[in-house]
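Next come the chains, spelled out residue by residue.
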Amino acid sequence: MNVDLEDKVDEQKDDTLLETCKEHLEIIFLYWEPTFQSVSTNLPARQDGIKESQEETVGLVCTTAYVVVKWVLKCMATHTINWQNVFEMLQWLKTKILPHGAVTDEILRDCGLKSVLFKIYNQVNNAGCMKTLNFAALHLFNTVMIQLLEAQGTQQHRFHETLKELCQRAANVEDDKKKAALVFLVSVYIGDMWLLAQDTEKFMIHVRAVCEATNEKSAGRKEKSPKGKRQKQSEEAIVIVCKEISAVTLLQ
């Protein structure tokens, strides 16, 4: 019995040590950046071997970057959210990984990896609050996801630029409620586009439903209170943003 207990304790220690090593390795990888050498396109025919070697090197770097990204994201998906680590991971993706189109394409071809990324995205949004670091991570995650959506051709949709502009605006809005509304609505748009094969109709149904419900509520208040005609009722920030989106899309 004592031997079995000691074995279990040792296993738990090993598991804890392994998790600690993974966390440290994640942080180390976030300082790594793929470096691509340009492939010579005007080499003489007799030097085709050099060109092939260069292409193989580029392919190897691309595959390495993809494997590192996959490992980092899979590890992060199993941990409790650490906002500092999330923020650093997103900065790494945005500045060191996604600027390389070949690596981005490799990531987007992996449906399993896309699911892991979206799982982390949901975890971050569900755990998010308007603390400074948390908001910075939420906003940066929206920016990264829009960058990935654009790599899939999403910018062709008629109001993608509107949502992208709202995402950018969120960084400069001082009012916390308006800021939260912008981050939330952009995340709804991203979720629909990510999961529904770039179908924007569900997102617009959500926007219209908010606007219509608000109009009905306002009409009800006017019937009950004559003062409603003279007083401007305050609207929640999310309603204001929804009406703005609705107005812009009607003009497009």
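Here goes a summary of the coordinates provided. Because the structure is predicted, anything quoted here is derived from the model rather than measured.

1. Description of the packing of helix α7 (residues 160-170) against helix α8 (residues 176-195)
Point 1. The interhelical angle for the contact between α7 and α8, taken along N-to-C directions, is 145 degrees, at an axis separation of 9 Å. For the pair α7 and α8, the crossing hand works out as left-handed. For the pair α7 and α8, contact is made by His 160, Leu 163, Leu 166, Cys 167, Arg 169 and Ala 170 and by Lys 178, Lys 179, Leu 182, Val 183, Leu 185, Val 186 and Tyr 189, respectively.
Point 2. A class-by-class count of the residues in the contact of α7 with α8 yields nine nonpolar, one polar and three charged.

2. Examining the packing of helix α5 (residues 111-127) against α8
Point 1. Where α5 contacts α8, the axes come no closer than 12 Å and their chain directions differ by 160 degrees. Looking at the two axes, α5 sits roughly antiparallel to α8. Judged by the sense of rotation from one axis to the other, the crossing of α5 with α8 is left-handed. Between α5, through Lys 114, Leu 117, Phe 118, Tyr 121 and Asn 125, and α8, the contact on the second element is made entirely by Ser 187, Ile 190, Gly 191, Trp 194 and Leu 195.
Point 2. Partitioning the contact of α5 with α8 into residue classes produces six nonpolar, three polar and one charged.

3. As for the pattern of salt bridges
Point 1. With the rule as written, the count across this model stands at six salt bridges.
Point 2. Glu 33 is paired through a salt bridge with Lys 96; the nearest N and O atoms lie 3.6 Å apart. Taken together, the positions of Glu 33 in the loop between α1 (2-29) and α2 (48-77) and Lys 96 in helix α3 (residues 83-97) put the pair 63 residues apart, joining distant regions of the chain.
Point 3. Relative accessible area serves as the criterion here: at 37%, Glu 33 is assigned to the partly exposed category.

4. Thoughts on the environment of Trp 32
Point 1. With respect to the helices and strands, Trp 32 occurs in the loop between α1 and α2.
Point 2. Judged by its relative accessible area of 27%, Trp 32 is partly exposed.
Point 3. The residues contacting Trp 32, other than those within four sequence positions of it, are Thr 64, Ala 65, Val 68, Trp 92, Lys 96 and Ile 97.

5. Looking at α7
Because each turn of an α-helix spans 3.6 residues, side chains separated by three or four positions in sequence point in the same direction.
Point 1. Within the sequence span of α7, burial applies to His 160, Thr 162, Leu 163, Leu 166, Cys 167 and Ala 170. Down the axis of α7, the smallest arc covering the buried residues is 165 degrees, so these residues share one side.

Definitions and limits used
- Residues numbered from 1 in each chain as written.
- Predicted model: local features only at pLDDT ≥ 70, side-chain atom pairs only at ≥ 80, totals over all residues.
- Heavy atoms only, no water.
- Axes fitted to C-alpha atoms, helices over the stretch in contact; angles between N-to-C directions.
- Helix = DSSP H or I, 4+ residues; strand = E, 2+ residues; numbered from the N terminus.
- Left-handed = near helix turned anticlockwise from the far one by under 90°.
- Contact = heavy atoms within 4.5 Å.
- Nonpolar A, V, L, I, M, F, W, Y, C, P; charged D, E, K, R; others polar.
- Parallel < 35°, antiparallel > 145°, perpendicular 65-115°, else oblique.
- Salt bridge = Lys/Arg side-chain N within 4 Å of Asp/Glu carboxyl O.
- Buried < 20%, exposed > 50% of the residue type's maximum accessible area, 1.4 Å probe, protein only.
- Arc of directions from axis to C-beta.

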